[in-house]
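Residues per chain are reported as follows:
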Amino acid sequence: MATIEVTSSARPASKPSFIKAVWAVVQKDLAAELRSRELLSAMLVFSLLVILIFNFALELDIKTRQSVTAGVLWATFAFAGTLGLNRSMAIEKDRGCLDGLLLAPVDRSAIYFGKVFSNLAFMMIVEVIVLPVYSVLYNTNLFLPGLLMVILLGSVGYTAVGTLLSAMSVQTRTRDMLLPILLFPVVLPVLIAAVKASNGYLTGADISEIMPWLNLLIVYDVVFIALAFMTFEFVVEE
Amino acid sequence: MFFLDTTPNTSSYMIAGYTVAFVLIAVYLVSLIVRWRNLRQDYTVLKSIEAEEKEKAEAKLRTEEEAADAKTVKSRRNNARSKSTAKKKTAAKTAKSKTTSRKK
Amino acid sequence: MQKKPAALITLDILAVVLLGIATYLALVYAPTEAVMGQVQRVFYFHVANAWVALLGFVAAGVAGVVYLVTKDRRWDIIEVAAVEISLVFFLIAIILGSIWARPIWNTWWTWDPRLTTAAVTELIYIAYFMLREGIEDPERRARFGAVYTLIGSASAPITFFAIRLFRTIHPVVIGSGDPGAEGTFAMTSKMLVAFLFALFAFSVIFIDLFWNRIRMGWLNDKVEQLKLKVAR
């Protein structure tokens with residue numbers, strides 16, 4: 001765990017160990033996941049099943065399929081994302097890790113950022129696997145740099161708010177069920193903007209059409225990362 | 001939307017609209033009143049339970065005090081009795097010791 | 001529990017009277033709009049209710065922030081009252097909006113940014129109450145409620161802009177096809193009177209309900225404390 005080190009800078013020990021604390025949380029989550037792989041496998045299988053369902057729910061010809069690819073992808077990510085967020089926090093709570101983390105002499109926001117990074121990592125791993133699968137199934141190339149950027153921006157906004165809300169929902173009686181109810185109405189701007197921007201890149205639209213959506217994503221990400229990390233301590237304090 | 005010579009008769013919608021508005025306001029008011037009444041009831045019941053418990057606790061305290069008092073009175077009496085018997089005993093002993101050797 | 005203050009009783013009566021007058025003005029005094037007919041009268045209450053709901057929305061957001069800063073229970077009580085009232089009035093506004101849209105655009109729902117954002121805000125409110133329901137500890141309930149109110153208050157305006165952007169780039173092909181038109185009509189002076197009076201009347205109704213609901217919140221708090229005390 002983080003030991004108090006004397007650094008070359010004259011700043012108090014808490015500042016440099018902030019990044020160490022964040023990294024420690026991320027490492028812990030990644031290491032745990034590497035061993036058990038329960039989160040990733042669940043999210044992955046779920047995503048593939050969702051795509052399967054969409055395939056039959058929206059019986060499409062090739063032409064219309066193009067217009068809904070963005071929507072199907074983001075719906076998949078949104079649903080799989082809640083799975084990951086739920087489990088990630090539940091594991092913390094059930095194993096008592098959260099209490100352990102809170103006892104450590106680190107800033108609460110370090111725990112927040114650590115969790116966001118690991119949740120983001122899991123979500124992106126799933127996305128990285130879903131994209132080629134979808135590309136193969138529907139014979140469309142999804143590996144466009146613009147699209148990848150949108151997926152990153154959207155996932156950041158989603159996990160920033162999702163981590164905060166999952167920290168709350170895991171402490172309630174209804175737990176898992178509550179997270180989507182809390183999250184979806186609030187994360188709607190991300191979904192709207194991400195779908196629009198993704199669609200723009202997929203259809204090769206002009207950058208001027210896509211810019212407003214990218215701006216919206218960035219604004220949302222900045223505002224909510226700030227709000228979430230400021231309020232996180234109120235959510236985990238005992 | 002094409003312009004008609006006569007205004008369309010949309011009054012049924014207007015009536016529906018105002019009815020909905022008033023009904024919903026009324027429903028909310030009723031819910032407020034009902035909840036208020038329930039809370040009042042709960043409050044009075046809980047207050048009386050609280051008062052009961054307080055009384056019980058006080059009564060218990062009183063009986064404990066009385067028992068403690070009775071004990072101390074009793075023990076004082078016993079002490080007094082035992083003191084007097086002790087006095088008598090020691091008096092008898094000293095009386096005895098005067099005639100026989102005393103053990104300590 | 002103290003008796004209801006005289007000021008509040010007066011306010012109750014005033015609210016009812018104003019509601020009556022506003023109804024009269026909207027239904028009788030204001031002239032019938034030429035293009036839409038009688039249904040246009042719904043507009044007066046629709047906007048007034050939306051306005052009240054918006055007041056509640058802002059009050060809730062502010063109360064949430066103040067609670068997190070001060071940890072004073074009264075701000076939690078204010079927050080719950082604000083959310084509840086806003087929930088009711090947004091519901092009325094949404095339904096009235098829908099009823100207004102039906103004869104004019106031949107559809108029950110327009111994905112109009114204001115209406116849709118109101119609906120999303122309703123969902124946030126419902127989520128808020130479900131969150132509070134799931135927490136036993138009153139202090140934690142207040143804290144979480146405040147955090148969610150903050151997140152929700154920040155998110156709703158952004159949702160509004162997102163949908164507006166959505167609509168300007170892709171105008172929805174229903175009804176008039178004009179995303180800007182929300183039943184635009186020119187208001188005569190009589191209509192303006194009815195409109196402004198409705199706004200005023202509902203503002204008073206808002207304050208009246210708010211005050212009453214806050215009083216009830218305090219009573220609820222007391223009852224809860226007693227329950228915890230007695231149930232030992």
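The coordinates are above.
Below: a short report on this structure. Predicted, not measured: the structure shown is a model, and the values here were computed from it.

The rules we used
- Residues numbered from 1 in each chain as written.
- Chains lettered and ligands numbered in written order.
- Predicted model: local features only at pLDDT ≥ 70, side-chain atom pairs only at ≥ 80, totals over all residues.
- Heavy atoms only, no water.
- Contact = heavy atoms within 4.5 Å.
- Buried area = accessible area lost by both parts, 1.4 Å probe.
- Salt bridge = Lys/Arg side-chain N within 4 Å of Asp/Glu carboxyl O.
- Polar contact = N/O pair within 3.5 Å; in protein donor to acceptor, adjacent residues only side chain to side chain.
- Helix = DSSP H or I, 4+ residues; strand = E, 2+ residues; numbered from the N terminus.
- Buried < 20%, exposed > 50% of the residue type's maximum accessible area, 1.4 Å probe, protein only.
- Patch = residues over 30% accessible without salt bridge, like charges linked within 9 Å, V, L, I, M, F, W, Y side chains within 5 Å.
- Areas by Shrake-Rupley, 256 points an atom, 1.4 Å probe, with all protein chains shown as cover.
- Lys, Arg positive; Asp, Glu negative; His and termini not counted.
- Charge placed at Lys NZ, Arg CZ, Asp CG, Glu CD.
- Axes fitted to C-alpha atoms, helices over the stretch in contact; angles between N-to-C directions.
- Parallel < 35°, antiparallel > 145°, perpendicular 65-115°, else oblique.
- Left-handed = near helix turned anticlockwise from the far one by under 90°.
- Nonpolar A, V, L, I, M, F, W, Y, C, P; charged D, E, K, R; others polar.

**Some words on the interface of chain C and chain A**
- Tallying the contact residues gives 31 residues for chain C and 28 residues for chain A.
- Between chain C and chain A, the buried area comes to about 2800 Å², and carbon and sulfur atoms account for 76% of it.
- Among the residues chain C hides against chain A, the three largest losses belong to Phe144(C), Ile151(C) and Ile158(C). Together they make up 19% of the total.
- Counting the contacts that link chain C with chain A gives three salt bridges.
- Among the ionic pairs, Arg143(C) bridges to Glu237(A), the shortest N-O distance being 3.5 Å.
- Here chain C and chain A share nine residue pairs in polar contact (both at pLDDT 80 or more) between them.

**So, the arrangement of the chains**
- Of all two pairs of chains in contact, the one with the most contacts involves chains B and C.
- Nowhere do chain A and chain B come into contact; their C-alpha atoms are at least 24 Å apart.

**Here we look at the pattern of salt bridges**
- Within this structure, the stated rule accounts for 21 salt bridges over all chains.
- The residue Glu38(A) makes a salt bridge to Arg87(A) at a minimum N-O spacing of 2.9 Å. Here Glu38(A), found in helix 2 (residues 38-57), pairs with Arg87(A), found in helix 3 (residues 62-94); they are 49 residues apart in sequence, far enough to count as distant.
- By relative accessible area, which is 36% here, Arg87(A) ends up partly exposed.
- With a shortest N-O distance of 2.4 Å, Glu50(B) and Lys229(C) are connected by a salt bridge. With one member in each of two chains, Glu50(B) in helix 1 (residues 11-99) and Lys229(C) in helix 6 (residues 189-230) form a pair that bridges those chains.
- Its relative accessible area of 17% is what places Glu50(B) among the buried residues.
- By sharing partners, the salt bridges in this structure join Arg73(C), Asp76(C), Glu79(C), Arg132(C) and Asp221(C) into a single network.

**With respect to a negative patch on the surface**
Residue and element names in this part refer to chain B.
- Together, Glu-52, Glu-53, Glu-55 and Glu-58 line one region of the surface with negative charge.
- By the element assignment, Glu-52 lies in helix 1.
- With relative accessibility at 46%, the residue Glu-52 sits in the partly exposed group.

**Comments concerning the packing of helix 2 of chain A against helix 3 of chain A**
Residue and element names in this part refer to chain A.
- At a closest axis distance of 9 Å, the pairing of helix 2 and helix 3 adopts a crossing angle of 155°. Judged on the interaxial angle alone, helix 3 and helix 2 are roughly antiparallel. Here helix 2 runs over helix 3; the crossing is right-handed. Of helix 3, the residues touching helix 2 (which contributes Glu-38, Leu-39, Ala-42, Met-43, Phe-46, Ser-47, Val-50, Ile-51 and Phe-54) are Val-72, Ala-75, Thr-76, Phe-79, Ala-80, Gly-81, Leu-83, Gly-84, Arg-87, Ser-88 and Ile-91.
- Classifying every residue of the contact of helix 2 with helix 3 by side-chain character gives 13 nonpolar, five polar and two charged.

**So, the side chain of Gln171(A)**
- With respect to the secondary-structure elements, Gln171(A) resides in the loop between helix 6 (145-169) and helix 7 (178-202).
- Within the local environment of Gln171(A), its side chain forms a polar contact with the backbone oxygen of Ala167(A), the two atoms lying 3.1 Å apart.
- Of the polar contacts made by the side chain of Gln171(A), one reaches the side chain of Arg140(C); its length is 3.1 Å.
- Every residue in contact with Gln171(A), bar those within four places of it in the chain, is listed here: Lys93(A), Val235(A), Val236(A), Arg140(C) and Phe144(C).

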